[in-house]
There are 2 protein chains.
Amino acid sequence: MSEIEKKPIKITETVLRDAHQSLIATRMPTEFMLPIVDKMDKVGYHSVECWGGATFDASLRFLKEDPWDRLRKLRDGFKNTKLQMLFRGQNILGYRPYADDVVDYFVQKSISNGIDIIRIFDCLNDLRNLQEAVNATNKFKAQEGRGEAQVALAYTLGDAYTLEYWTSMAKKIEEMGADSICIKDMAGLLVPYKAAELIKAMKEVTKLPIQLHTHYTSGVASMTYLKAVEAGVDVIDTAMSPFAMGTSQPATEVMVETFKGTPYDTGLDQNLLAEIADYFRPYRDECLANGLLNPKVMGVDIKTLLYQVPGGMLSNMVSQLKEQNAEDRYYDVLKEIPKVRKDLGEPPLVTPSSQIVGTQAVFNVLLGERYKMATKETKAVLRGEYGQTVKPMSQEVIDKVIPGEERITCRYADLLDNEMDKLEGEMKEWKQQDEDVLSYALFPQVATDFFKYRQAQQEKVDMTQADTKNGAYPV
Amino acid sequence: MSEIEKKPIKITETVLRDAHQSLIATRMPTEFMLPIVDKMDKVGYHSVECWGGATFDASLRFLKEDPWDRLRKLRDGFKNTKLQMLFRGQNILGYRPYADDVVDYFVQKSISNGIDIIRIFDCLNDLRNLQEAVNATNKFKAQEGRGEAQVALAYTLGDAYTLEYWTSMAKKIEEMGADSICIKDMAGLLVPYKAAELIKAMKEVTKLPIQLHTHYTSGVASMTYLKAVEAGVDVIDTAMSPFAMGTSQPATEVMVETFKGTPYDTGLDQNLLAEIADYFRPYRDECLANGLLNPKVMGVDIKTLLYQVPGGMLSNMVSQLKEQNAEDRYYDVLKEIPKVRKDLGEPPLVTPSSQIVGTQAVFNVLLGERYKMATKETKAVLRGEYGQTVKPMSQEVIDKVIPGEERITCRYADLLDNEMDKLEGEMKEWKQQDEDVLSYALFPQVATDFFKYRQAQQEKVDMTQADTKNGAYPV
Ligand SMILES: [Co+2]
Ligand SMILES: [Co+2]
């Protein structure tokens, strides 16, 4: 390989975010993270993903931690390493679309509290749902001297998802002012040789760095990285070995060792990585012992590749069929899924579209007539509220499910009034820092419970009673 | 890749041998295997590894099964698929070197009871220790019309193990009359780009098919297969997904899917494989629930790659140091290991040489003087009883450990008298089939216990008492 130019592969470490979100329900507490930060900071990672995704919700809800406080503490420890977060486009880190002023303020506060790279995605890959977050990042980058917008495309399979689709998206992302592109394969659907084709094609149309994010769920992830690296990918996402594999990412040390002595050599120090792994390993063992880490998530779920749908979607479907005593309709629903997906404009099969398509397919099969009943979410998709799909939706299905209703073709958030004043008003009695309104905006009830807990702690109220009552503070 | 010639990769399925040997202590019983044989026979595997290795011992000792009976039943079910066994050279399936007449008879009976491919290896890669088994296979192949000798090289790292070493071995294997070559990497030491170099170099010097066998222990196995396949390897060893990964092999379905649509497409039917996986999956869950499958073996043990020694060797070392309250000498021993290995002629670090080197290194460090004490096994290695090592042994160490003793340069088995008559005499009271003498030859005590159990069963003696007494019949 001496004729190949040297191209060290960069590593984003996910052990502080996606790895524990994927394996142990996002339950790693800040106090467990902090003692290892200093060593992690010396590794030379491209970035450490440590915030956003489900960590915000889990911190407030289960760990009774202020997520902003976690971010500031991590920033304080990581003096030389870029910190990265996952951001759900217009949904921020929550479960509904927010007005632009909330998106804007959340981006500002994320950067000012310590985030360097904001990875922004949308479940339909509708770039309009990402534009505000990208713009905000660029705006605060100019002010704070820190902040990069990475646009992540949800990887999915299907007729609409041709190389032309991905390359045209790459060009649009470059045009919209993003600093880098991520291919985000939540379900492990991207197989090795397809990854090579995809990365090669994208590299031909954009100068932006391309990062690949996948999960080991279907068993191909490390090979997918290897072929993507050979095809020119710039950064890969990996997790320290004790929290790697299964539904998490390939192991950092394994990928580092694989490329050692090749043109892709990461240059990372295995001895330092081994010390870091030694820190996480006993915690893994503890999680195995207390059941937080279920060995089932460590296996290979090949059905993902077989049916080209995410594993979680299949297990949801099985549960729904079981509830209806209709497990014998499994293969009928499996055949209905791609049809419903086509009806809805062939969206990526990622949360929440995967659940919407799967549930509607179950309805269509069990009721004996397609769209005899449609879920609230199916209707919202058909009305265009989630955004624009890659293909047009079925007019026949639109006419049947939402006859005569107005459909949206604009960006949904354009219909939303600014919310910040209203939110500030609702939560002002609890406010101790500017960021509290954002916690409240995302999870009003959970954040309020947290604010009460925080205040009680500050007033040194005995919380034993509260703990016993709702059992809501597992650490 | 259209310019690359089509070259379908062949698959050896290990779920009936190495996978359960590696993950659940070889405890899969014949009665669990038989119902799925018919489906497995339709897959089109290159071969199914289903016998030999530790299965012979475990059948007799723990499962109270006649291993010969298992073989005949599997042969009966697999009408279209080659059956493969693992054979430890002159040690057959036991733990001492046997005279040639025993090796010869074992090979004959293996083939006549159903084996097609005998994979033969020696822990020192001393081909003289394999020659008799290869000759016997070729002899009975001529008689029975069935039987192939595959010579397996134990893969290891070290100064002596250059590409020149491996290619010269490949040439010798071709010359000695083997039908194929296997690179057998028990510890997962072979990393992807080194695998490509190795396979490419070997393919240049031999026309024999080359098969690669590795374990997922260090986390690189699937990538290693991928690069080996691109470099021209002919067959890879994989295990059905419920018994894949961790200390076992990469998953069959994952490798099949990886190569689908490429020049290496295996052509195997994923739907059929899915049905087979569905059969094994509940058994995996059962093994997880009853503790036979420890989730710890499912993880990544990166230390193997870091220290270039097998994981099992490191954990043995830690136990030995713990017993001596000398855990602080870990790194001293780690440094001593390559020195001892050099002293002993740099043998492959595989069982039993890995234990011999590791234990001697512990002695050397703890006693404060190198070779102040030497184990029985170190002495035997120095006397040449295990065979010829790839490099000369240290004369200084020889003089210190076995001063004045005679050293062997011939093949050890040349010093052994034929044993069959003696063995027949010892066990004749239990003999019910010709093969019983071979069971007795390998495990005299265990086989005798089994013969007693068998007879008691036949006489319909109530075994409840016996079970309770020694607890030796877990299934
Ligand atoms: Co992820
Ligand atoms: Co093996």
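Residues numbered from 1 in each chain as written. Chains lettered and ligands numbered in written order. Predicted model: local features only at pLDDT ≥ 70, side-chain atom pairs only at ≥ 80, totals over all residues. Heavy atoms only, no water.

Caption draft 1: How the structure looks around the side chain of A:Arg383. All names here are of chain A. For Arg-383, the location among the structural elements is in the loop between helix H16 (376-382) and helix H17 (395-401). Within the structure, Arg-383 has its side chain in polar contact with the side chain of Glu-405 (distance 2.9 Å). Contacts of Arg-383, omitting those with residues within four sequence positions, involve Ile-402, Glu-405, Glu-406, Arg-407 and Ile-408. (Helix = DSSP H or I, 4+ residues; strand = E, 2+ residues; numbered from the N terminus. Polar contact = N/O pair within 3.5 Å; in protein donor to acceptor, adjacent residues only side chain to side chain. Contact = heavy atoms within 4.5 Å.)

Caption draft 2: Spotlight on the coordination of the cobalt ion (ligand 1). Residue and element names in this part refer to chain A. Surrounding the cobalt ion (ligand 1) are the protein donor atoms Asp-18 (OD), His-213 (NE2) and His-215 (NE2), at 2.0 to 2.1 Å. Sequence positions of the donors to the cobalt ion (ligand 1) reduce to the motif D-x194-H-x1-H. Pair check on accessibility: His-213 and His-215 agree, each one buried. (Donors = N, O, S within 2.8 Å, 3.2 Å for Na, K, Ca; no water. Buried < 20%, exposed > 50% of the residue type's maximum accessible area, 1.4 Å probe, protein only.)

Caption draft 3: Quick look at the pairing of strand E1 (residues 10-13) of chain B. Residue and element names in this part refer to chain B. Both E1 and strand E8 (residues 235-238) contribute to a ladder of four bridges, which runs parallel. Bridge pairing in E8 places Thr-12 opposite Asp-237. One ladder, built from two bridges, connects E1 with strand E2 (residues 47-52); its direction is parallel. Across the sheet, residue Glu-13 finds its bridge partner in E2, namely Val-48. (Pairing = 2+ DSSP bridges.)

Caption draft 4: Just the relation of the copies chain A and chain B, in detail. Aligned on chain B, chain A shows an RMSD of 0.0 Å; the corresponding rotation is 180 degrees and the shift along the axis is 0.0 Å. What the rotation and shift describe, once combined, is the action of a two-fold rotation axis. If distances are taken from each C-alpha of chain A to the rotation axis, the shortest is found for A:Met223, at 2.6 Å. Both copies contact each other with a shared surface, as 100% of the interface residues of chain A are interface residues in chain B too. (Least-squares fit on C-alpha atoms with pLDDT ≥ 70 in both.)

Caption draft 5: Focus on helix H4 (residues 67-77) of chain B. Residue and element names in this part refer to chain B. Every buried residue of H4 is accounted for by Pro-67, Trp-68, Arg-70, Leu-71, Leu-74 and Arg-75. On an axial view of H4, the arc spanned by its buried residues comes to 155 degrees, and they lie on one face. The distance from a side-chain oxygen at the start of H4 to the backbone nitrogen of Trp-68 is 3.1 Å, and the residue carrying that oxygen is Asp-66. (Arc of directions from axis to C-beta.)

Caption draft 6: Broad picture of the interface of chain A and chain B. With 39 residues of chain A at the interface, the matching set in chain B holds 39 residues. Roughly 3300 Å² of surface becomes buried between chain A and chain B when both sides are summed, with 69% attributable to carbon and sulfur atoms. Inspection of the chain A/chain B interface yields six salt bridges. Counting every contact that joins chain A to chain B gives eight residue pairs in polar contact (both at pLDDT 80 or more). Contributing elements (two or more residues each) for the side of chain A that touches chain B: helix H8 (192-205), helix H9 (221-230), helix H10 (252-259), helix H11 (270-290) and helix H12 (303-307) of chain A. With eight residues, H11(A) is the largest single contributor of residues to the side of chain A that touches chain B. For the side of chain A that touches chain B, the per-class residue count stands at 20 nonpolar, nine polar and ten charged. (Buried area = accessible area lost by both parts, 1.4 Å probe. Salt bridge = Lys/Arg side-chain N within 4 Å of Asp/Glu carboxyl O. Nonpolar A, V, L, I, M, F, W, Y, C, P; charged D, E, K, R; others polar.)

Caption draft 7: Expanded view of the pattern of salt bridges. All names here are of chain A. The tally for this structure, following the rule as stated, stands at 82 salt bridges over all chains. The partner of Lys-42 in a salt bridge is Asp-38, with the nearest N and O atoms 2.9 Å apart. Of the two residues, Lys-42 and Asp-38 both sit in helix H2 (residues 30-43), four residues apart, roughly one turn of that helix. Connected through shared salt-bridge partners, Lys-109, Glu-424, Lys-431, Asp-434 and Glu-435 make up one network.

Caption draft 8: A look at the packing of helix H13 (residues 311-323) of chain A against helix H14 (residues 330-343) of chain A. All names here are of chain A. Look at H13 against H14: their axes get within 11 Å of each other, and the N-to-C directions meet at 130 degrees. Taken as axis vectors, H13 and H14 run oblique relative to one another. Handedness of the crossing formed by H13 with H14: right-handed. Note on element contacts: H14 touches H13 through Tyr-330, Val-333, Leu-334 and Ile-337, opposite Met-313, Leu-314, Met-317, Val-318 and Leu-321. (Axes fitted to C-alpha atoms, helices over the stretch in contact; angles between N-to-C directions. Parallel < 35°, antiparallel > 145°, perpendicular 65-115°, else oblique. Left-handed = near helix turned anticlockwise from the far one by under 90°.)

Caption draft 9: View of the domain arrangement of chain A. All names here are of chain A. Under the domain assignment used here, chain A contains domain 1 (10-295), domain 2 (309-409) and domain 3 (420-470). Of note, the centres of domain 1 and domain 2, computed from C-alpha atoms alone, are 29 Å apart. The contact between domain 1 and domain 2 buries some 1400 Å² in all, and 60% of this surface belongs to carbon and sulfur atoms. One can count one salt bridge joining domain 1 with domain 2. At the junction of domain 1 with domain 2, the criterion picks out ten residue pairs in polar contact (both at pLDDT 80 or more). Among the residues forming the side of domain 1 that touches domain 2, the class breakdown is eleven nonpolar, four polar and three charged. (Domains from an automatic or database assignment.)

Caption draft 10: Quick peek at the nonpolar core. Within the largest apolar cluster, 248 residues are counted, with the highest numbers of intra-cluster contacts made by A:Leu16, A:Phe106, B:Leu16 and B:Phe106. Not counting residues up to four positions away in its chain, the partners in contact with B:Phe106 are B:Trp51, B:Phe56, B:Trp68, B:Met85, B:Phe87, B:Ile92, B:Leu93, B:Leu438 and B:Leu442. (Core = buried A, V, L, I, M, F, W, Y, C linked by side-chain atoms within 4.5 Å.)

Caption draft 11: View of the UniProt feature "domain: Pyruvate carboxyltransferase" (unreviewed entry) in chain A. Following the UniProt record, the feature "domain: Pyruvate carboxyltransferase" (unreviewed entry) maps to residues 9-274 of chain A here. Span residues 9-274 of chain A is 45% helix and 16% strand, its end C-alpha atoms 19 Å apart. (UniProt positions renumbered as here; feature names shortened; annotations may be inferred.)

Caption draft 12: The sheet that holds strand E7 (residues 210-214) of chain B, seen in detail. Residue and element names in this part refer to chain B. Reading around the barrel, the eight strands line up as E1-E2-E3-E4-E5-E6-E7-E8 and close back on themselves, with parallel pairing between neighbours. Between one strand and the next, the sheet's axes are offset by a mean angle of 30 degrees, whatever the strand orientation. In this fold helix H6 (residues 128-144) packs onto strand E3 (83-87), strand E4 (117-121) and strand E5 (148-154), with an angle of close to 170 degrees to the strand it touches most, E4.

Caption draft 13: Quick peek at the packing of helix H7 (residues 163-175) of chain B against helix H8 (residues 192-205) of chain B. Residue and element names in this part refer to chain B. Two elements in contact, H7 and H8, have axes whose closest approach is 9 Å; the angle formed by their N-to-C orientations is 40 degrees. Between H7 and H8, the interaxial angle falls into the category oblique. Handedness of the H7/H8 crossing: right-handed. Contacts between H7 and H8 pair Leu-163, Trp-166, Thr-167, Ala-170, Lys-171 and Glu-174 from the former with Glu-197, Leu-198, Ala-201, Met-202 and Val-205 from the latter.

Caption draft 14: Representation of the sheet that holds strand E6 (residues 180-185) of chain A in the model. Residue and element names in this part refer to chain A. Strand order in this closed barrel of eight strands is E1-E2-E3-E4-E5-E6-E7-E8, and the pairing throughout is parallel. Each strand of the sheet is rotated relative to its neighbour by a mean of 30 degrees, with strand direction disregarded. Along the sheet, helix H5 (residues 100-113) contacts strand E2 (47-52), strand E3 (83-87) and strand E4 (117-121); its crossing angle with E3, the most-contacted strand, is approximately 160 degrees.

Caption draft 15: Looking closely at the packing of aromatic side chains. Overall, the coordinates contain 49 aromatic pairs over all chains when judged by the stated rule. Ring centres 6.2 Å apart and planes at 45 degrees place the aromatic pair A:Tyr193 and B:Phe259 in the tilted group. Of this pair, A:Tyr193 sits in helix H8 while B:Phe259 sits in helix H10 (residues 252-259), each in a different chain. Here A:Tyr193 matches B:Phe259 in class, with each residue buried. Here a set of aromatic residues connected by ring pairs shows up, and it is made of A:Trp51, A:Phe56, A:Trp68, A:Phe87, A:Tyr95, A:Phe106 and A:Phe443. Geometry around A:Phe121 places A:Lys184 over its ring, the cationic atom sitting 4.9 Å from the centre. (Phe/Tyr/Trp six-rings, centres within 6.5 Å; stacked < 30°, edge-to-face > 60°. Lys NZ or Arg CZ within 6 Å of the ring centre and 35° of its normal.)

Caption draft 16: Fine view of the pairing of E7(B). Residue and element names in this part refer to chain B. Taken across its five residues, E7 has five buried, putting it largely inside the fold. Alternating positions in E7 separate into two faces, Ile-210, Leu-212 and Thr-214 on one and Gln-211 and His-213 on the other, with burial throughout. The pairing of strand E6 (residues 180-185) with E7 spans five bridges and is parallel. Within the sheet, the bridge partner assigned to Lys-184 lies in E7 and is His-213. In terms of handedness, the path from E6 via H8 over to E7 forms a crossover that is right-handed. Strand direction decides the pairing type here: E7 and E8, joined by two bridges, are parallel. (Right-handed = clockwise from strand over helix to strand, strands pointing away.)

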